[in-house]
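# Secondary and tertiary structure notes
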Amino acid sequence: MAGRLLSIGECMVELSQAGEGLLRKGFAGDTLNTAWYARACFPSDWSIDYFTAVGDDPMSNEMLAMMDGAGIGTSQILRIAGKTPGLYLITLKDGERTFSYWRDTAAAKKLADDADHLRAAMESAQIIYFSGITLGILAPEAVDTLLAEARRAKASGKTVVFDPNIRPRLWSNKNYMLKTIEDGARASTLVLPSFDDEAVHFGDKDVAATIARYKALGVENVVVKDGPGGVTLAFGSTPVVHVPSVKVDKVVDTTSAGDSFNGSFLASLAKGGTPSEAAAYGAAVASTVICHHGALISPNLLPK
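Everything numeric in this text was worked out from a predicted model, so none of it was measured.

Looking at the element boundaries, Ala81 is found in the loop between strand S7 (78–79) and strand S8 (87–93). Given the relative accessible area of 67%, Ala81 is considered exposed. Residues Ala81 and Leu6, 75 residues apart in the sequence, show an inter-C-alpha distance of 24 Å.

Two numbers describe how helix H5 (residues 140–155) lies on helix H6 (residues 174–186): the axes approach to 9 Å, and their chain directions differ by 20 degrees. By the angle between their axes, H5 is roughly parallel relative to H6. Crossing of H5 over H6 shows left-handed handedness. Each of Pro140, Val143, Leu147 and Lys154 in H5 lies in contact with H6, whose residues at this interface are Tyr176, Thr180, Asp183, Gly184 and Arg186. Taken together, the residues that form the contact of H5 with H6 break down as four nonpolar, two polar and three charged.

A word on the pattern of salt bridges. Opposite charge on two side chains permits them to pair, given that their charged atoms come into close proximity. Summed over all chains, the structure comprises twelve salt bridges. Lys110 is the partner of Asp113 in a salt bridge, and the nearest nitrogen-oxygen pair spans 3.8 Å. Given the relative accessible area of 49%, Asp113 is considered partly exposed. The salt bridge involving Lys179 is made with Asp183; its shortest N-O contact spans 2.8 Å. One end of the pair is Lys179 and the other is Asp183, both in helix H6 and four residues apart, which spans about a single turn. Linked through salt bridges whose partners overlap, the residues forming this network are Arg119, Glu149 and Arg152.

What follows is about the pairing of strand S1 (residues 4–8). Every regular strand shows the same layout, with side chains that alternate between the two sheet faces. Buried residues dominate S1, accounting for five of its five residues. In terms of strand pairing, S1 meets strand S4 (residues 47–51) through five bridges, oriented parallel. Among the inter-strand pairings, Ile8 is bridged to a residue of S4, identified as Phe51. Examined bridge by bridge, S1 and strand S10 (residues 127–131) share three bridges and lie parallel to one another. Its bridge partner being in S10, Leu5 is matched across the sheet by Ile127.

Moving on to helix H8 (residues 207–216). Within the span of H8, buried status applies to Val207, Thr210, Ile211, Arg213 and Tyr214. The buried residues of H8 all sit within an arc of 165 degrees when viewed along its axis, so they share a single face. Pointing more than 90 degrees away from the buried face of H8 are the exposed residues Ala208 and Ala216. Next to the buried residues of H8 lie H6, strand S12 (190–191), helix H7 (195–202), strand S13 (221–225) and strand S14 (231–235). Looking one or two residues past H8, Gly218 carries a phi angle of roughly 95 degrees, positive in sign.

The nine strands are arranged S6-S4-S1-S10-S11-S12-S13-S14-S15 in an open sheet whose pairing can be described as mixed. Edge strands, defined here as strands with exactly one partner in the open sheet, are strand S6 (72–73) and strand S15 (241–243). Together, S1, S4 and S10 form the strand contacts of helix H3 (residues 115–123), whose direction differs from that of S1 by roughly 145 degrees. Sitting on the sheet, H5 is in contact with S1, S10 and strand S11 (159–163), with an inclination near 150 degrees to S10.

One can describe the packing of helix H1 (residues 30–41) onto helix H9 (residues 257–270) by two numbers: an axis separation of 7 Å at closest approach and a directional angle of 40 degrees. In this view, H1 runs oblique relative to H9, as classed from their interaxial angle. H1 and H9 meet at a crossing whose hand is right-handed. Contacts from Asp30, Asn33, Thr34, Tyr37, Ala38 and Cys41 in H1 reach Asp259, Ser260, Asn262, Gly263, Ser264 and Ala267 in H9.

What counts and how
Residues numbered from 1 in each chain as written. Predicted model: local features only at pLDDT ≥ 70, side-chain atom pairs only at ≥ 80, totals over all residues. Heavy atoms only, no water. Helix = DSSP H or I, 4+ residues; strand = E, 2+ residues; numbered from the N terminus. Buried < 20%, exposed > 50% of the residue type's maximum accessible area, 1.4 Å probe, protein only. Axes fitted to C-alpha atoms, helices over the stretch in contact; angles between N-to-C directions. Parallel < 35°, antiparallel > 145°, perpendicular 65-115°, else oblique. Left-handed = near helix turned anticlockwise from the far one by under 90°. Contact = heavy atoms within 4.5 Å. Nonpolar A, V, L, I, M, F, W, Y, C, P; charged D, E, K, R; others polar. Salt bridge = Lys/Arg side-chain N within 4 Å of Asp/Glu carboxyl O. Pairing = 2+ DSSP bridges. Arc of directions from axis to C-beta.

Right, here's the structure in full:
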């Protein structure tokens, strides 16, 4: 059955190591990465759209052209005169990445300033996806706007999906960060946390504690990603299920492991797969992605 997924967040200019002191330019960001893998894995009769704010500069034009070329809809993206996208640099060591950011004046920080435009974009989607990074780049009043619209969408029966994706450097203080992450979860029907983040910032002792905490917030469906430890699913009142990860010989780049899982997991559900089947497919996609350089790999490389 055809539908529309709307991913909300920030796309940035990505610079990565290209060898011999050179840098490779691309475009990425957690919610854009998820939209990319959703487009690669969803049925062709589904629309995958992105919602953000960009500038009116050549780099913003190039960014939108990249999305259009990938089949990701851009018609509702805001254009803000005089603004530019944010930028980040990836440094890799043993497959693990570190990031340096330049995003303080990025256009995406204004993506929720026009509540009517945001609502119109969300009303035309069946699945709405956002993350803790989406919330972390916004001013408090814009956070309130986005969460109010997410709650409205949830109340109307839409599937609202939230990846906490906790990044402390985006937040003014820890208490506000944790409260806002919890508010994002409350506004959602499906939460996709990564256990390592939850353990560090919420103090969860194990995956079961993460599930229990989000269930206590009223989240109906929780899928906890635990890297090599696999995925644990708590859907509705059904028994908790564990799905193992897919082993790989050599990890090259984990930049988009969680994002690719999210996009392919949602695609499998949309095709009628069970949560366990969707998690197994998401794990297979993520295991492929981490064997290649960069956040976005060719859809032709992904398992069918």
